[in-house]
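So the chains spell out like this:
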Amino acid sequence: MQIGMIGLGRMGAGIVRRLMRDQHQCVVYDHNADVVEKLAGEGAIAAHSLEELVGKLDAPATVWVMLPAGQITEDTITALVELLPKDGTIIDGGNTFYKDDIRRGALLVEKGLHYVDVGTSGGVWGLERGYCMMIGGEKAIVDKLDPIFATLAPGIGDTPRTKERKSKDDRAERGYIHAGPVGSGHFVKMVHNGIEYGLMQAYAEGFDILRNKNQDTLPQAERYDLDMADIAEVWRRGSVISSWLLDLTASALAVDDDLKKFHGKVDDSGEGRWTINAAIEEAVPVDVLAASLFARFRSRQEATYADKLLSAMRAGFGGHIEGAVQRVDRG
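So, here's what we can say about the structure. (Residues numbered from 1 in each chain as written. Predicted model: local features only at pLDDT ≥ 70, side-chain atom pairs only at ≥ 80, totals over all residues. Heavy atoms only, no water.)

Some details on the environment of Pro-154
Part 1: By the secondary structure assignment, Pro-154 is in the loop between helix H8 (146-152) and helix H9 (171-174).
Part 2: Along the primary structure Pro-154 and Arg-174 are separated by 20 residues, whereas in three dimensions their C-alpha atoms are 6.2 Å apart.
Part 3: Those residues within four positions of Pro-154 in sequence are excluded, and the remaining contacts are Arg-18, Arg-129, Gly-130, Tyr-131, Cys-132, Arg-174 and Gly-175. (Helix = DSSP H or I, 4+ residues; strand = E, 2+ residues; numbered from the N terminus. Contact = heavy atoms within 4.5 Å.)

Shown next, in the form of structure tokens:
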């Protein structure tokens, strides 16, 4: 299939490369012309403006916007609405607030266009591992775009199949779902990221307890000089708490168990706050998720070893640099 891609950062460029590897035609644009030219050298079709990108796409065009949530995505989609011919489709693959999706979807319907929201997980490893996708939008449009999603998804791979599953739709097993109408994809991804906060916090706090077991305030017989890297490694193998996040933790600790390159001031990019707000709207108690968000706030005042480990995990799965995240706060 043919698709336009706007935003060639950590994930956008990986998405383009994975699509081209499966013979999809990609027209690409980014404000950084060097990145555009690099991908053009790998087989993409370069565009140097939104107008040029739309002009190089066959109608009805499909354009995937992979930009940080907030004003830059809002401005880009607003511009595309005026440029795309009737029946064109805009995909937002960033971490957009789902209520913004609902608003945009209604606007695009008025303009004779289609809107699809894709909650995309995979970070900097997506090119190699594939992207887990949670998709919202009209069924007919999502089905039409299935070849794109099928290419980007991880596939069944070597993950054991759930024996009790009765569904005839195997897309979930292959790493992507059509969650429902516009906004539902980003809503599911929002909660996914809220859970991620809690999981990361649990690992970080546990390793902080292990790390501090050798402090002078404890009786000598109760002090243990534990090897953080070895503990992370052994837990990866057969433990009930093994996970990809633990894999990333083990990698970071193998390099330096003091985590000296991390300051431990842990950013939040918006999804955790939105998840808590949704819980409040639904009157759902989320003690762990709320505490993990507040721990990130506290880390910016006085960082601990746990906070350094959180920073290490964020760098591992998403390439996040401490202090470089633009937060998006919405009610």
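With respect to the sheet that holds strand E4 (residues 62-65)
Each strand in a sheet pairs with its neighbour through backbone hydrogen bonds, running either in the same direction (parallel) or in the opposite one (antiparallel).
Part 1: If you trace the 8 strands from one edge of the open sheet to the other, you get E3-E2-E1-E4-E5-E6-E7-E8, paired in mixed fashion. Here the strands that pair on one side only, and so sit at the sheet edges, are strand E3 (45-46) and strand E8 (176-180).
Part 2: Pairing between E4 and strand E5 (residues 89-92): 4 bridges, direction parallel. What sits directly across from Trp-64, in E5, is Ile-91. (Pairing = 2+ DSSP bridges.)

Details of the packing of aromatic side chains
Part 1: Scanning the model with the defined rule gives 7 aromatic pairs in all.
Part 2: Consider the rings of Phe-97 and Tyr-98, whose centres lie 5.3 Å apart with planes at 65 degrees: the pair is edge-to-face.
Part 3: Phe-97 gets classed as buried once you look at its relative accessible area, which sits at 7%.
Part 4: Grouping aromatic residues by their ring pairs yields a cluster made of Phe-97, Tyr-98, Phe-187 and Trp-274.
Part 5: Stacked on the ring of Trp-244, the Lys or Arg Arg-129 has its end atom at 4.0 Å from the ring centre.
Part 6: Taking the ring centre of Tyr-197 as reference, the NZ or CZ of Arg-296 above it sits at 3.7 Å. (Phe/Tyr/Trp six-rings, centres within 6.5 Å; stacked < 30°, edge-to-face > 60°. Buried < 20%, exposed > 50% of the residue type's maximum accessible area, 1.4 Å probe, protein only. Lys NZ or Arg CZ within 6 Å of the ring centre and 35° of its normal.)

A short note on the pairing of strand E7 (residues 132-136)
Part 1: Among the 5 residues of E7, 4 are classified as buried, and the element is accordingly described as predominantly covered.
Part 2: Note that strand E6 (residues 114-121) and E7 share 5 bridges and pair antiparallel. Each residue of the ladder has a partner; that of Thr-120, found in E7, is Met-133.
Part 3: Sheet analysis places E7 next to E8, joined by 4 bridges and oriented parallel. For Met-134, the partnering residue across the bridge sits in E8 and is Ile-177.

What to know about helix H4 (residues 71-83)
Part 1: When the terminal C-alpha atoms of H4 are compared, their 18 Å separation across 13 residues agrees well with the 18 Å that a helix rising 1.5 Å per residue should span.
Part 2: All of the buried residues in H4 are Thr-73, Glu-74, Thr-76, Ile-77, Leu-80 and Val-81. The buried residues of H4 occupy an angular sector of 165 degrees when the element is viewed end-on, so they sit on one face. Residues of H4 that are exposed and angled more than 90 degrees away from the buried face: Gln-71 and Glu-82.
Part 3: Those residues of H4 that are buried lie in contact with strand E1 (2-6), helix H3 (50-55), E4, E5, helix H5 (98-110) and E6. (Expected span 1.5 Å × (residues − 1). Arc of directions from axis to C-beta.)

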